[in-house]
Amino acid sequence: MKNQEEAEDMSQEVFIHVYQNIDKFKGESLISTWIYRIAVNKCLEEMRKKRRQKRAAYLEDIADPVIQNRIPDFYHPGIALENQQRAAILFKAIEQLPEQQQVAFTLAKVEFLSYEEISEVMEKSISSIESLIHRAKQNLQRILKVYYEKI
Amino acid sequence: MKKSNLNKEIDLTLSSIDNLKKANAPDDFLESLSNKMIFRKEQKIWVRRAKYAIAAMIMFAIVNTVLLINSKSSERQEMLKSVASEWNLKADGY
């Protein structure tokens, strides 16, 4: 999520969903994995909804899959001040990744989940998670290279 | 930007979230969550009432249609019987 309000709103949605559907939890995985799965699905739903709404504005990004020079106002309370600008660029670059790579990379780098935990959340094999994260890193390097060459 | 600087900047950007700390929930998080849940519950009650009302209307329309068709067919039967008796016809119409 792009800002604190959106993140709070989304976590409340996840809490409500967990509360209303707790009887559907079969105990086949850890409850944290189940909650992560719900959170990932909710976030993806929200992102798709926003993408549809901003289709016209998004065309600009599709035509040029390079991060635009404008970096949105960004502040993450958990990131050191001197890294805020770079983190803003990185998050903007993460947005350009394919959905599955975005999810795997975010769960690994932001949520610090192990590959095994990510594989359970995303219901994929560990090797495909490794491959997703590897490709995400490669793509990020490519996107950032084009971005820094432009400025 | 020089190539060495470029690679350094890319590495720095990629590692900018390495020591990210998770943000804590704000103080009013639980309060706004419970307010949202109460609001959703009330909303759900109204949605359920609307569903019941629509279901009742559909049932009413179906019953009405059935009654209408039945009454028409019994009226028709009555009419045919009276015509048959007037013309002294048998049940098979001859």
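Owing to the predicted nature of the structure, the values given are computational and were not obtained by experimental measurement.

Novice: Outline the overall build of chain A, supporting the account with residue identities and numerical values.
Specialist: A count of helices and strands for chain A gives 7 helices and 0 strands. Along chain A, helices (α) and strands (β) appear in the sequence α-α-α-α-α-α-α when read from the amino end. In chain A, which comprises 151 residues, the share counted as buried stands at 20%. Of all intrachain contacts in chain A linking residues separated by at least 6 positions in sequence, the fraction that spans at least 24 positions is 54%.

Novice: Residues and numbers for the overall build of chain B, please.
Specialist: Within chain B one finds 2 helices and 0 strands. Taken over the C-alpha atoms alone, chain B extends approximately 110 × 40 × 15 Å along its principal axes. The 94 residues of chain B split such that 4% are buried.

Novice: Help me get a handle on the interface of chain A and chain B, residues and values and all.
Specialist: Counting residues at the interface gives 21 residues for chain A, matched by 21 residues for chain B. Breaking the side of chain A that touches chain B down by element, the ones donating at least two residues are α1 (4–21), α4 (84–95) and α7 (126–150) of chain A. With 6 residues, the single largest contributor to the side of chain A that touches chain B is α7(A). Of the residues contributing to the side of chain A that touches chain B, the split by class is 12 nonpolar, 4 polar and 5 charged.

Novice: Go over unusual backbone geometry with me, naming the residues and quoting the values.
Specialist: All names here are of chain A. A positive phi angle, near 55 degrees, is found at F112, a position not held by glycine. Among the structural elements, F112 can be located in the loop between α5 (99–109) and α6 (115–122). A positive phi angle, close to 55 degrees, is found at E123, a residue other than glycine. With respect to the helices and strands, the residue E123 is situated in the loop between α6 and α7. Among the residues examined, E123 registers 9 C-beta atoms within 10 Å and is labelled exposed.

Novice: Pulling in residues and values, what's your account of the environment of L12(B)?
Specialist: Position of L12(B) relative to the elements: it lies in helix α1 (residues 3–14). Note: C-alpha distance between L12(B) and A50(B) (38 residues apart in sequence) is 57 Å.

Novice: Before we move on, can you summarise the confidence of the model for chain B with the specific residues and values?
Specialist: On average, residues of chain B score 85 in pLDDT, and 94% of them reach the 70 mark or higher. Here the complex is predicted with pTM 0.71, and the ipTM for its interfaces comes to 0.77.

Novice: So what's going on with the nonpolar core? Which residues, and what values?
Specialist: With 24 residues, the main nonpolar core has A93(A), A104(A), L107(A), I118(A), V121(A), A136(A) and L144(A) as its most contacted residues. Excluding anything up to four places from it in sequence, I118(A) contacts A104(A), L107(A), A108(A), L113(A) and I129(A).

Novice: Any details on the packing of helix α2 (residues 31–53) of chain A against α6(A)? Residues and values, ideally.
Specialist: Residue and element names in this part refer to chain A. The geometry of α2 relative to α6 is characterised by a closest axis approach of 8 Å and an angle of 60 degrees between their N-to-C directions. The orientation of α2 with respect to α6, classified from their angle, is oblique. Note on packing geometry: the crossing formed by α2 with α6 is right-handed. For the pair α2 and α6, the contacting residues are T33, Y36, R37 and V40 in the first and E117, E120 and V121 in the second. In the contact of α2 with α6, the residues fall into 3 nonpolar, 1 polar and 3 charged.

Novice: Which residues make up the packing of α6(A) against α7(A), and what are the values?
Specialist: Residues and elements named next belong to chain A. Contact geometry for α6 and α7: axes closest at 9 Å, N-to-C directions at 100 degrees. Between α6 and α7, the interaxial angle falls into the category roughly perpendicular. On α7, the residues touching Y115, E116, I118, S119 and M122 of α6 are I126, I129 and E130. Residues of the contact of α6 with α7, tallied by class, amount to 5 nonpolar, 1 polar and 2 charged.

Novice: Provide a residue-level description of the environment of H17(A), including the pertinent values.
Specialist: Residues and elements named next belong to chain A. Relative to the helices and strands, H17 resides in helix α1. For H17, a count of 15 C-beta atoms within 10 Å gives the class partly exposed. Distance from H17 to E45, taken between C-alpha atoms, is 14 Å for residues 28 residues apart in sequence.

Novice: If you had to explain helix α2 (residues 29–86) of chain B to someone new, which residues and values would you point to?
Specialist: Residues and elements named next belong to chain B. Between its terminal C-alpha atoms α2 stretches 85 Å, which fits the 86 Å expected from 58 residues at 1.5 Å a residue. Where burial is concerned, little of α2 is hidden: 0 out of the 58 residues are buried. Looking one or two places after α2, you find N88, whose phi comes out positive at around 55 degrees.

Thresholds applied
Residues numbered from 1 in each chain as written. Chains lettered and ligands numbered in written order. Predicted model: local features only at pLDDT ≥ 70, side-chain atom pairs only at ≥ 80, totals over all residues. Helix = DSSP H or I, 4+ residues; strand = E, 2+ residues; numbered from the N terminus. Buried ≥ 20, exposed ≤ 12 C-beta atoms within 10 Å, placed from the backbone. Contact = placed C-beta atoms within 7 Å. Nonpolar A, V, L, I, M, F, W, Y, C, P; charged D, E, K, R; others polar. pLDDT = per-residue confidence, 0-100. Core = buried A, V, L, I, M, F, W, Y, C linked by C-beta atoms within 7 Å. Axes fitted to C-alpha atoms, helices over the stretch in contact; angles between N-to-C directions. Parallel < 35°, antiparallel > 145°, perpendicular 65-115°, else oblique. Left-handed = near helix turned anticlockwise from the far one by under 90°. Expected span 1.5 Å × (residues − 1).

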